[in-house]
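Architecture and fold: a report
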There are 2 protein chains.
Amino acid sequence: MNRLDRILALLHLLRQGRPVSASGLAQRFEVSVRTIYRDMETLAGMGLPVEPEMGRRGGFRLGPGYFLPPVTLDPEEAVSLLLGLALSRALRVLPFPDGTDMAERKLLAVLPEETRGTLERASRFIGFERVPPDLLHPERDDPQAGGQAAEEESRVVGRFLRAALSRSRLRLSYRSPYRREAEPLREIEPRGIVWDRDRWYLVGDVEVRAGEPRMWRADRVLEMKSGGGMHPTAADFDVSSLLGRRWLGKAMERWRTENPVRVALPAARADVLRRDWYYGHALFEDGPDGRTVMTVGEGEYERVAALLRWLGPGAELLEPAEWRGRLAGELRRMADAYGSREQAARDS
Amino acid sequence: MNRLDRILALLHLLRQGRPVSASGLAQRFEVSVRTIYRDMETLAGMGLPVEPEMGRRGGFRLGPGYFLPPVTLDPEEAVSLLLGLALSRALRVLPFPDGTDMAERKLLAVLPEETRGTLERASRFIGFERVPPDLLHPERDDPQAGGQAAEEESRVVGRFLRAALSRSRLRLSYRSPYRREAEPLREIEPRGIVWDRDRWYLVGDVEVRAGEPRMWRADRVLEMKSGGGMHPTAADFDVSSLLGRRWLGKAMERWRTENPVRVALPAARADVLRRDWYYGHALFEDGPDGRTVMTVGEGEYERVAALLRWLGPGAELLEPAEWRGRLAGELRRMADAYGSREQAARDS
DNA sequence: GGAAAGTATGACATAAACTGTCGCGGTCGA
DNA sequence: TCGACCGCGACAGTTTATGTCATACTTTCC
């Protein structure tokens, strides 16, 4: 066997990840151990992160970096990859910020010269707008996520994702917006991550309710520690079972029984609400007067008022009854800004 | 120079795309021509599509596929790339659907064995929610973009992007929502693409107003034809100059003079509006009564009413004056749904 | 606290591989 | 038809790669 072929084969073997011993390789390639050592020197000289491991169960393995053997990529494929990176960056979908930068640089460095010129400026051709905040569904906390917070968030997501991929448990403590104190560290089995409205959510199994995954917003995770190995059970979970905001449906079911809010509204308005990512999961029923009755769970008056106001004429808050008067007063005050009833009659 | 090094260097040179002659290479590496031929044989033997070109201006070059020489990618980099592809797919950002699929397959094929297994199922770990529609800023047309329409859209975007990268003109006809008939084919210089709220927009220069790029929504493009070569002018345009919805700012300036709508509102509410992707581009001034006065362009009563209703108590429509009465009547009708004024007083 | 199995490195003779130089035959473009 | 390129076989000369032996160090297992 050729030296070149042997070295390429070594590359291939090293790539597999398992550490290999010089003597084993020597047998395999029918050369002396010394030759293998010299080949390793050569590979290292080529810039490969070959790392020896001393001692009895030692061997050679690739360092933190794996090796990608020759592949042919046509320009469209390269553009697709770079485009994906640009998109990730624009939407701050960056579990591994360093990995993203490095991958982009390596990809660019390796492109045919003529294509590189244009692709280096790909970010000048392709722009992404951030997902706009939605006035009807505002966020509780500061909307201006600073650079540092974003970095911390992607650190959390990265670690969680790594754990999910390597099937190892994590212990995390969480700051729930509904509780005063931080939740204590609890051990979870990471299942996956979900990106929704400019934010990452961690999906995992808690021991108490196995099989019913819980979600944590990545920016509210306070602390993460490595946990034990994963149970071999629950092999095939698929986050797509949560998509379409199906998790929201379940949560709304619970809120609906705890804080039921009932609204009568015209059928046309109901159709619009049904298309909303949030109110689409409410319960819609035909009302007695030809209108639709929507039941949704909500504890805060202000949100309900905003919804009712948005719905406009023809919508009526049925429950909780004690908010009806308050809402009516508010609406009347809004109307009164335009003068008294008599004035209004003259105006129109 | 080593043989190995020389062969790797040859790889590098071939990658550049320009055909290279054996004699040139022989001079460059200070070896005989014969050696170069032998090296080429070796490379071909390694599976490289080296293709000779006979005749006077011949030379060696790579075949139909471009060649990507060895790169080291660590798992995080590979995951970042695959993540970008997954994101592209989830958000239907696919200028090159085939390239995307192929790149993913090639990337997976080349990963270390143990990582591949888990990453092949990466889509099961990582989910992306579509950008939710915004109730306050609804879309005119059908919100249910069918699979076929999405495909057509990515075809349009792909072709436009290719044209932008290769600096060649396009002729396109467009269906404007503001005009009854389709716009005729007009020649444009593609500048770039912008993704906003789940949609692609094409950015280009029209001859009539050079330097002031126009935007077209990709799903409203009716027809595209290749145009002539690009003018060498306007070399460095950058779509990022349009981001932050700056184009919207200019458009709103125009609408503001055409259909001015003035609203007085509490400072706290103004702060919230300023963060909105749309109303953030309105004109905000301090009013005489301590409230803020916002001026925005809008021709449709219903949109203005929705905004005023959303703003709630303390907000008042100042202009157009003729809508004040209508709005007041509407608000009063909403309030009256909860009983007469006397009843309301009893309730609260 | 060894023995075993691994890496790390130098020296040197030898075999293998690579290289240069011929030669001759194609192909293409001006 | 010429010139500049690829294609390839043969052969001698030289470089390079390899095997062997010797020695030192590190870790793990018993």
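Scoring rules and cut-offs
Residues numbered from 1 in each chain as written. Chains lettered and ligands numbered in written order. Predicted model: local features only at pLDDT ≥ 70, side-chain atom pairs only at ≥ 80, totals over all residues. Heavy atoms only, no water. Helix = DSSP H or I, 4+ residues; strand = E, 2+ residues; numbered from the N terminus. Buried < 20%, exposed > 50% of the residue type's maximum accessible area, 1.4 Å probe, protein only. Contact = heavy atoms within 4.5 Å. Areas by Shrake-Rupley, 256 points an atom, 1.4 Å probe, with all protein chains shown as cover. Near = heavy atom within 4 Å. Polar contact = N/O pair within 3.5 Å; in protein donor to acceptor, adjacent residues only side chain to side chain. Nonpolar A, V, L, I, M, F, W, Y, C, P; charged D, E, K, R; others polar. Core = buried A, V, L, I, M, F, W, Y, C linked by side-chain atoms within 4.5 Å. Axes fitted to C-alpha atoms, helices over the stretch in contact; angles between N-to-C directions. Parallel < 35°, antiparallel > 145°, perpendicular 65-115°, else oblique. Left-handed = near helix turned anticlockwise from the far one by under 90°. Expected span 1.5 Å × (residues − 1). Arc of directions from axis to C-beta.

The subject of this paragraph is the overall build of chain A. Per the secondary structure count, chain A includes 13 helices and 13 strands. Looking at chain A as a whole, 51% of its 348 residues are labelled buried. Considering only contacts in chain A between residues 6 or more positions apart, those separated by 24 or more positions represent 60%. For chain A, the exposed area adds up to about 16800 Å²; of that, 49% sits on carbon and sulfur atoms.

All right, on to unusual backbone geometry then. Residue and element names in this part refer to chain A. At the junction of Glu319 and Pro320, the peptide bond is cis and its omega measures out at -5 degrees in the coordinates. Residue position: Pro320 is located in the loop between β13 (316–319) and α12 (322–336). Despite not being glycine, Glu30 has its phi angle at roughly 60 degrees, a positive value. Residue position: Glu30 is located in the loop between α2 (22–29) and α3 (33–45). For Glu30, a relative accessible area of 73% gives the class exposed.

Contacts to DNA strand D come from 26 residues, most closely from A:Arg3, A:Arg6, A:Ser32, A:Thr35 and B:Tyr37. In DNA strand D, atoms within 4 Å of the protein come 64% from sugar and phosphate. A:Gly55 places a polar main-chain atom, nitrogen or oxygen, 3.3 Å from a base oxygen of DNA strand D. Within the backbone of B:Ala22, an N or O atom sits 2.9 Å from a phosphate oxygen of DNA strand D. Elements represented by at least two residues in the surface near DNA strand D include exactly α1 (3–15) and α3 of chain A together with α3 (33–45), β1 (50–53) and β2 (59–62) of chain B. Among the elements that line the surface near DNA strand D, the one with the most residues is α3(A), at four residues. Taken together, the residues that form the surface near DNA strand D break down as eight nonpolar, seven polar and 11 charged.

Glancing now at the nonpolar core. Judged by nonpolar contacts, the single largest core of 66 residues is most densely connected at A:Leu273, A:Met294, A:Leu317, B:Leu273, B:Met294 and B:Leu317. If you look at the next biggest cluster of nonpolar residues, it comprises 57 residues, including A:Leu83, A:Tyr174, A:Trp216 and B:Val206.

All names here are of chain B. The contact between helix α11 (residues 301–311) and helix α12 (residues 322–336) brings their axes to 11 Å, and the two run at 55 degrees. Comparing their axes, α12 and α11 come out oblique. Between α11 and α12 lies a crossing of right-handed hand. In contact with Tyr301, Val304, Ala305, Leu308 and Arg309 of α11, α12 contributes Trp323, Arg326, Leu327, Glu330, Leu331 and Met334. Considering only residue class, the contact of α11 with α12 consists of eight nonpolar, no polar and three charged.

Residue and element names in this part refer to chain A. Tracing the backbone shows Arg89 in helix α4 (residues 75–90). When its relative accessible area of 29% is taken as the criterion, Arg89 is described as partly exposed. If we ignore the near neighbours within four places in the chain, the residues touching Arg89 are Leu94, Thr100, Asp101 and Glu104.

Before going further, it helps to examine the protein's contact with DNA strand C. For DNA strand C, the set of nearby residues contains 25 residues, the closest of which are A:Tyr37, B:Arg3, B:Arg6, B:Ser32 and B:Thr35. The contact atoms of DNA strand C, taken as those within 4 Å of the protein, divide so that sugar and phosphate hold 65%. Within the side chain of A:Arg34, a nitrogen or oxygen atom sits 3.3 Å from a base oxygen of DNA strand C. At a separation of 2.6 Å, a phosphate oxygen of DNA strand C approaches a polar backbone atom of B:Ser32.

Now for α3(A). Relative to the 18 Å expected for 13 residues at 1.5 Å per residue, α3(A) spans 19 Å between its end C-alpha atoms, a close match to the ideal helical length. Turning to α3(A), its buried residues number three or more, namely A:Thr35, A:Ile36, A:Asp39, A:Met40, A:Thr42 and A:Leu43. Taken around the axis of α3(A), the buried residues stretch over an arc of 160 degrees, which confines them to a single face. The outward face of α3(A), more than 90 degrees from its buried face, is lined by the exposed residues A:Glu41 and A:Gly45. Contacts made by the buried residues of α3(A) are with α1, α2, β1 (50–53) and β2 (59–62) of chain A together with α1 (3–15) of chain B. Positive phi shows up at A:Gly47, right after α3(A), with a value of about 100 degrees.

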